[in-house]
Amino acid sequence: MKKKLLILTGGGDCPGLNAVIRATVRAALQTKKWECYGSIEAFNGMMSDPVEIVKLTKKKTGGIHVKGGTILQTTNKGNPLDYPIQRPDGTWTTKDISQDLVDKIIDHGFDAVVNIGGDGSQKISQALYEKGLNIIGVPKTIDNDLSATDLTFGFSTAVQIASDCFDKLVTTAESHHRVMIMEVMGRDAGWIALHTAISGGAEICLIPEIPFDMEEVLKKINKRYKNGKGFVNLVVAEGAYEKNKESIGERAIDQGDPHKKLGGIGNYLRSKLEEMGCQAQIRTTTLGHIQRGGTPVAFDRILATSMGVKAFEMVQNRQFGQMVSFKNNSLTHVSLQEATESYNHVDTDHYLIKTARAIGVSFGDK
Ligand code: F6P
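Everything numeric here is computed off the predicted structure, so don't read it as measured data.

**Here's the deal with the overall build of the chain**
And then number 1: From N to C terminus, the chain includes 12 helices and 15 strands.
And then number 2: Here the chain has a C-alpha radius of gyration of 22 Å; the compact-globule value for 366 residues is 21 Å, and the two agree.
And then number 3: Across its three principal axes, the chain shows a C-alpha extent of roughly 80 × 50 × 35 Å.
And then number 4: For the chain, the proportion of its 366 residues judged to be buried stands at 52%.

Structure below.
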């Protein structure tokens, strides 16, 4: 009898998820000893009754490596450790259903699970592993904020999308002598903003790791204008904030979504600068989920495919409780425990911060 592998995608989507699914399935089917299934919408598919799972064949996964999103769908509202349950009176509570989930997956005859997801998803993987599940993590996030891997797939695509948009804003900034503010994703890490600033040639880059000073931002803008002529392109991460203040966003309204929904720092900057008497016209563009959608760039397809193959190799080697990691230009693995312990913030001494400062990019801090 063939062994059964369960694959799922959790948390926010990201270009490259389908390439991982396809590669894992292909590697598994080649052995002729495994069959693969996908749980729809992260673990929700396994938790629902009847279960919502789909058989992943070569045909079903054929050609999907170029497609954005995830054929298995995803959610950030299905944490089995803190699962939202609606009471008969309509109010909500949460319950830890993780042991039931592990038992159910094992009862359905699954020998191993591959969980493709970010920080939150891999914390869930670790908890399920501790409860007896044979699970392997594959890291994903456009934010590149997982410390145990040098890179995550999806990040390069997001940077490419942001850079393309930034280039378009540069030409219109120049034509109108305007300040163009572009807000990109990056909840707690400014990697997308930093890379875009360098690739696009920004004058100002604001990231969560370097709280900014409005006076410094205005000073940099004014320096670029002579007799009302000049232009400025500024890129800001959604999680960036002014010194002694907090990031801008609202509490999630969806049950089970633990994250504050960030957004609005671009407009905040615009109105602050106007209040401070900035003479130049200012316009704001928020890229939002555009950075997460569409076709993955070639690099991400390759990284995602090799991570998918590595994940299945780890299944065969029974390296459960581990996450695939890209380190020093090679694929390796780290324990899920280690993978979720710390966060990949931009180090203020990072070579790209030094590079940016050396070519005149202001981080609004001096
Ligand atoms: O974690 C990736 C990310 O893109 C963050 O940068 C952003 O804050 C978040 O997802 C938004 O997620 P959603 O809108 O899906 O809740």
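The rest of the description comes next.
**A word on the packing of helix α6 (residues 155–176) against helix α7 (residues 191–200)**
And then number 1: Running from amino to carboxyl end, α6 crosses α7 at an angle of 50 degrees, the nearest separation of the two axes being 9 Å. Of the possible angle classes, the one that applies to α6 and α7 is oblique. Crossing of α6 against α7: the hand is right-handed. Counting all contacts with α6, which are made through Phe155, Ala158, Val159, Ala162, Ser163, Phe166, Asp167 and Val170, the residues of α7 involved are Trp191, Ile192, His195, Thr196, Ser199 and Gly200.
And then number 2: Here the contact of α6 with α7 is built from residues that sort into eight nonpolar, five polar and one charged.

**A look at the layout of surface pockets**
And then number 1: Looking at the largest pocket, its volume works out to about 1,100 Å³.
And then number 2: In terms of lining residues, the largest pocket is bounded by 46 residues, among which Gly11, Gly12, Asn76, Arg187 and His259 are the most central.
And then number 3: When residues of the lining of the largest pocket are traced back to their parent elements, those giving at least two are α5 (119–130), β8 (179–184) and β12 (260–262).
And then number 4: The dominant element in the lining of the largest pocket, judged by the number of residues it contributes, is α5, at five residues.
And then number 5: Taken together, the residues of the lining of the largest pocket sort by class into 13 nonpolar, 19 polar and 14 charged.
And then number 6: Lining the lining of the largest pocket are residues from two domains, each supplying at least three of them: domain 1 (3–153 + 294–340) and domain 2 (158–293 + 347–358).
And then number 7: As for the second largest pocket, its lining consists of Asn144, Ser147, Thr149, Asp150, Leu151, Phe155, Trp191, His195, Lys327, Asn344, His350 and Leu352.
And then number 8: Broken down by class, the residue content of the lining of the second largest pocket amounts to four nonpolar, six polar and two charged.

**A closer look at the pattern of salt bridges**
And then number 1: Under the definition given, this model contains 10 salt bridges.
And then number 2: Close ionic contact of Glu35 with Lys55 constitutes a salt bridge, the shortest N to O distance being 3.6 Å. Residue Glu35 is found in strand β2 (residues 34–39), and its partner Lys55 is found in strand β3 (residues 53–56); the two are separated by 20 residues along the sequence.
And then number 3: Judged by its relative accessible area of 42%, Lys55 falls in the partly exposed class.
And then number 4: Notably, a salt bridge pairs Lys327 with Asp150, separated by 3.4 Å at the nearest N-O pair. Taken together, the positions of Lys327 in strand β14 (residues 322–327) and Asp150 in the loop between β7 (135–139) and α6 put the pair 177 residues apart, joining distant regions of the chain.
And then number 5: Residue Lys327 is classed as partly exposed on the basis of its relative accessible area of 29%.

**Some thoughts on the domain arrangement of the chain**
Where interface size is quoted, it is often the accessible area lost as the parts come together.
And then number 1: Each domain of the chain was delimited in the assignment, giving domain 1 (3–153 + 294–340) and domain 2 (158–293 + 347–358).
And then number 2: The partner domain 2 presents 17 residues to the 15 residues of domain 1 that form the contact.
And then number 3: Summed over both sides, the interface between domain 1 and domain 2 buries roughly 1,300 Å², with carbon and sulfur atoms accounting for 57% of that surface.
And then number 4: Among the residues domain 1 hides against domain 2, the three largest losses belong to Lys77, Ile142 and Asp143. Together they make up 39% of the total.
And then number 5: Along the contact surface separating domain 1 from domain 2 lie one salt bridge.
And then number 6: At the boundary of domain 1 with domain 2, the tally comes to two residue pairs in polar contact (both at pLDDT 80 or more).
And then number 7: A breakdown of the residues in the side of domain 1 that touches domain 2 according to their chemical character gives six nonpolar, five polar and four charged.

Cut-offs and rules
- Residues numbered from 1 in each chain as written.
- Predicted model: local features only at pLDDT ≥ 70, side-chain atom pairs only at ≥ 80, totals over all residues.
- Heavy atoms only, no water.
- Helix = DSSP H or I, 4+ residues; strand = E, 2+ residues; numbered from the N terminus.
- Rg over C-alpha atoms; globule rule 2.2 N^0.38 Å.
- Buried < 20%, exposed > 50% of the residue type's maximum accessible area, 1.4 Å probe, protein only.
- Axes fitted to C-alpha atoms, helices over the stretch in contact; angles between N-to-C directions.
- Parallel < 35°, antiparallel > 145°, perpendicular 65-115°, else oblique.
- Left-handed = near helix turned anticlockwise from the far one by under 90°.
- Contact = heavy atoms within 4.5 Å.
- Nonpolar A, V, L, I, M, F, W, Y, C, P; charged D, E, K, R; others polar.
- 1 Å grid on protein atoms, 1.4 Å probe; cavity = no way out; pocket = protein on both sides within 12 Å on 5 of 7 lines; lining within 4 Å.
- Points joined across faces, edges and corners; volume = space filled by probe spheres on them.
- Domains from an automatic or database assignment.
- Salt bridge = Lys/Arg side-chain N within 4 Å of Asp/Glu carboxyl O.
- Buried area = accessible area lost by both parts, 1.4 Å probe.
- Polar contact = N/O pair within 3.5 Å; in protein donor to acceptor, adjacent residues only side chain to side chain.

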